[in-house]
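Read off the chains here:
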Amino acid sequence: MTAYIHTELENVLNHCMQETTSRFAGIQLLEQNGSLSDDICTVHTVLEGNCPAALLLRADTPLLTRLAQKIMHSETVSQQDIEDVATEYFNVICGRVVAGLFQTAKISSRFQTPRFRTGCYFPEDGSTCRCVLNYTDGGGENMQLVYMKLHTSQALRPAAAC
């Protein structure tokens, strides 16, 4: 991946994350390296088309809980609420990423229905390109958006460690 394409990809991913998170939950994410806790969840999908890729959102569970509370306007949320909100939130991000990739690089793709998993999940090894953006909410909770170019036959599997 050329430096220009990588920069454009980062810009699309970052804009989609920042705008969606701010608009839907009123949470301002700071783009900075932080380490995820041991209590994380992953929402993931595969982008199908002429450039197959995986898109993964890994986040500290407390951040996803707060996201659900803000979006649902309720202090009390169930585990199912957290999963549903995280999946729908990621669904919006994916739609915006697909649109952004088409606008900037004329990459036509569609994404599979996002799936929620507790813990850390990622595509099989062998991806040719990775773009990783790290975020913090400023209060010690972290989130990570990962774009991985895939070989056509790759599938998602659980990871031993992130």
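Above this text is the structure in question.
Note that the structure is a prediction, hence the values are computed from the model and not measured.

Q: What is the right way to read helix H3 (residues 79-105) from this model?
A: Along an α-helix, a turn takes 3.6 residues, which lines up residues three or four apart on a common side. Taking 1.5 Å per residue as the helical rise, H3 with its 27 residues ought to reach 39 Å, and the 38 Å between its terminal C-alpha atoms agrees with that figure. Within the span of H3, buried status applies to Ile82, Val85, Ala86, Thr87, Tyr89, Phe90, Ile93, Cys94, Val97, Val98, Gly100 and Leu101. Backbone geometry just after H3 places Lys106 at a positive phi near 55°.

Q: Explanation requested: the packing of helix H2 (residues 61-72) against H3 in the structure shown.
A: In contact at an axis separation of 9 Å, H2 and H3 are set at 85° when each is read in the N-to-C sense. Our classification of the angle between H2 and H3 gives roughly perpendicular. Residues Leu64, Thr65, Leu67, Ala68, Ile71 and Met72 of H2 pack against Asp81, Ile82, Val85, Ala86 and Tyr89 of H3. Split by residue class, the contact of H2 with H3 holds nine nonpolar, one polar and one charged.

Q: What exactly am I supposed to notice about unusual backbone geometry here?
A: Keep in mind that most residues, glycine aside, have a negative phi and that most peptide bonds are trans. In this structure, His73 takes a positive phi of about 55° despite not being glycine. Turning to its location among the elements, His73 is positioned in the loop between H2 and H3. With phi around 55°, Lys106 is a residue other than glycine that occupies positive phi space. For Lys106, a relative accessible area of 55% corresponds to the exposed category.

Q: So what exactly am I meant to see when it comes to the environment of Leu57 here?
A: By the element assignment, Leu57 lies in strand E3 (residues 53-60). With relative accessibility at 1%, the residue Leu57 sits in the buried group. Residues Leu57 and Thr42 lie 15 residues apart in sequence; the distance between their C-alpha atoms is 5.5 Å. Ignoring any residue separated from it by four or fewer positions in sequence, one finds Leu57 in contact with Met17, Cys41, Thr42, Val43, Tyr89, Phe90, Met143, Gln144 and Leu145.

Criteria and cut-off values
Residues numbered from 1 in each chain as written. Predicted model: local features only at pLDDT ≥ 70, side-chain atom pairs only at ≥ 80, totals over all residues. Heavy atoms only, no water. Helix = DSSP H or I, 4+ residues; strand = E, 2+ residues; numbered from the N terminus. Expected span 1.5 Å × (residues − 1). Buried < 20%, exposed > 50% of the residue type's maximum accessible area, 1.4 Å probe, protein only. Axes fitted to C-alpha atoms, helices over the stretch in contact; angles between N-to-C directions. Parallel < 35°, antiparallel > 145°, perpendicular 65-115°, else oblique. Contact = heavy atoms within 4.5 Å. Nonpolar A, V, L, I, M, F, W, Y, C, P; charged D, E, K, R; others polar.

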